[in-house]
Amino acid sequence: MKILVINAGSSSLKYQLIDMADESVIAKGVCERIGMAESCVSFKTPDGKKVEYQATMRNHTEAFEEVKKALTEGEYKVIDDISEITAVGHRVVQGGAVLCESTLINDEVIKTIESLSDLAPLHNPANIEGINASIKLFGKNVPQVAVFDNAFHSTMPPEAYIFPVPYEYYEKYQIRRYGFHGTSHRFVSARCAEVMGKNIEDLKIVTCHLGNGSSITAVKYGKVIDTTMGLTPLDGEIMGTRCGAIDPSVVLYIMEKEGLTVKEMDTLLNKKSGVLGVSGVSSDDRDVKDAAAKGNERCQLARGIQMYEIKKYIGAFTAAMDGLDAIVFTGGIGENAEDMRAKICKELTYLGIDIDEAYNATLVKGKEGEISTEKSKVKVFVLPTDEELLIARDTRDIVNAL
């Protein structure tokens with residue numbers, strides 16, 4: 001069985017073709033700048049070479065045609081015909097409180113995803129475009145499956161997901177904590193239990209998905225009880241360009257002083273804040289780390305805020321779960337910023353954490369391992385995430401059940 005995994009953005013379409021016989025990635029690539037003058041397709045060949053070319057892609061339908069060409073035509077083709085693809089799995093950001101698990105797509109599901117666009121205006125409309133373009137290419141006989149970014153968090157209790165604003169806004173507009181990065185948190189928490197050789201239903205795990213967008217999740221006995229992201233991915237700890245959780249009055253104060261509109265303030269909070277806003281240098285941790293090492297005090301501060309907030313949330317979620325068995329670091333920063341992992345863990349000694357700093361320093365660029373020592377009371381892991389594989393697995397399971 002070959003599964004095509006799709007992650008459609010407003011102007012991009014990422015894809016992976018996975019052979020479920022051995023869960024190997026046959027092909028992966030991305031169509032970028034869809035609807036713009038200089039659209040681009042890039043993909044990696046089976047031997048690791050990168051191929052990139054310009055293409056006219058006015059919409060996602062035309063982007064799917066380019067994906068078809070990349071998979072089935074030319075010297076780098078990996079299949080002879082798209083009929084070899086059994087099903088398509090789509091990443092969908094917002095399923096609300098209605099679509100709480102991976103679902104076979106039909107007209108009703110599409111309508112529901114569309115109805116939730118107000119909760120994810122930058123994502124759900126693009127996800128729908130990808131789904132419709134996929135159906136147009138493959139026809140209605142090829143199963144399409146939606147895997148929701150917030151579904152794993154649907155087990156949170158009301159005391160974790162209800163915001164303390166007038167309850168009527170929850171009833172009228174579904175304003176609540178939803179959480180995101182759910183596919184990543186689900187993948188790495190399951191992998192954590194696997195490498196520990198234990199049942200996830202017996203473990204209390206904090207998973208730290210750290211990248212340009214970051215979130216931390218408390219997974220108690222296999223179910224999420226709390227997470228840092230809220231109604232949108234803006235909440236939680238400081239991120240690349242997002243501010244994370246701040247005093248709401250800061251928003252009102254800046255808007256009044258600067259005369260900003262709601263849209264302008266939204267742009268400031270989502271695209272001009274976070275690590276970029278504090279450092280004034282970059283949203284990329286590699287750039288900020290280099291500048292910090294050279295003495296840039298604002299870059300040192302930006303990384304210091306990151307480490308402090310991550311440590312704080314780990315402590316809070318340990319309290320929420322009444323204990324902790326393991327911490328997982330994943331995502332671009334979680335998997336590569338070894339100095340950040342070391343500093344965070346060294347300041348969690350009250351939990352009995354002890355790490356092997358030398359081994360920790362070797363775990364970068366996709367390497368998996370345990371950085372805690374034998375005497376550590378809490379296990380600490382670096383586990384690369386694989387959201388596409390999880391989407392493919394869910395798609396396979398739903399198709400096999402038909």
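This text gives an overview of the structure that appears in the document.

The rules behind each value
Residues numbered from 1 in each chain as written. Predicted model: local features only at pLDDT ≥ 70, side-chain atom pairs only at ≥ 80, totals over all residues. Heavy atoms only, no water. Pairing = 2+ DSSP bridges. Helix = DSSP H or I, 4+ residues; strand = E, 2+ residues; numbered from the N terminus. Contact = heavy atoms within 4.5 Å. Axes fitted to C-alpha atoms, helices over the stretch in contact; angles between N-to-C directions. 1 Å grid on protein atoms, 1.4 Å probe; cavity = no way out; pocket = protein on both sides within 12 Å on 5 of 7 lines; lining within 4 Å. Points joined across faces, edges and corners; volume = space filled by probe spheres on them. Nonpolar A, V, L, I, M, F, W, Y, C, P; charged D, E, K, R; others polar.

1. A look at the pairing of strand S5 (residues 50–54)
Next, step 1: Note that strand S4 (residues 40–44) and S5 share five bridges and pair antiparallel. Each residue of the ladder has a partner; that of Lys44, found in S5, is Lys50.

2. Brief notes about the sheet that holds S4
Next, step 1: Ordered in space as S5-S4-S3-S2-S1-S6-S8-S7, the eight strands form an open sheet in which the pairing is mixed. Across the chains shown, the open sheet's two edge strands, defined by having one partner strand only, are S5 and strand S7 (103–104).
Next, step 2: Where strand S1 (residues 2–8) meets strand S6 (residues 87–92), four bridges bridge the pair, whose relative direction is parallel. By the bridge assignment for S6, Ile3 is matched with Ala87.
Next, step 3: Contacts from helix H1 (residues 60–72) reach S1, strand S2 (12–19), strand S3 (24–32), S4 and S5 within the one sheet, and its direction differs from that of S2 by about 35°.
Next, step 4: With respect to the sheet, helix H3 (residues 124–138) is in contact with S1, S6 and strand S8 (144–148), its orientation differing from that of S6 by roughly 170°.

3. Concerning the layout of surface pockets
Any empty space left between the atoms is revealed when a probe the size of a water molecule rolls over them.
Next, step 1: Taken as a whole, the second largest pocket encloses approximately 250 Å³ of empty space.
Next, step 2: Forming the walls of the second largest pocket are Phe163, Pro164, Val165, Ile175, Gly230, Leu231, Thr232 and Asp235.
Next, step 3: Of the residues belonging to the lining of the second largest pocket, the class tally is five nonpolar, two polar and one charged.

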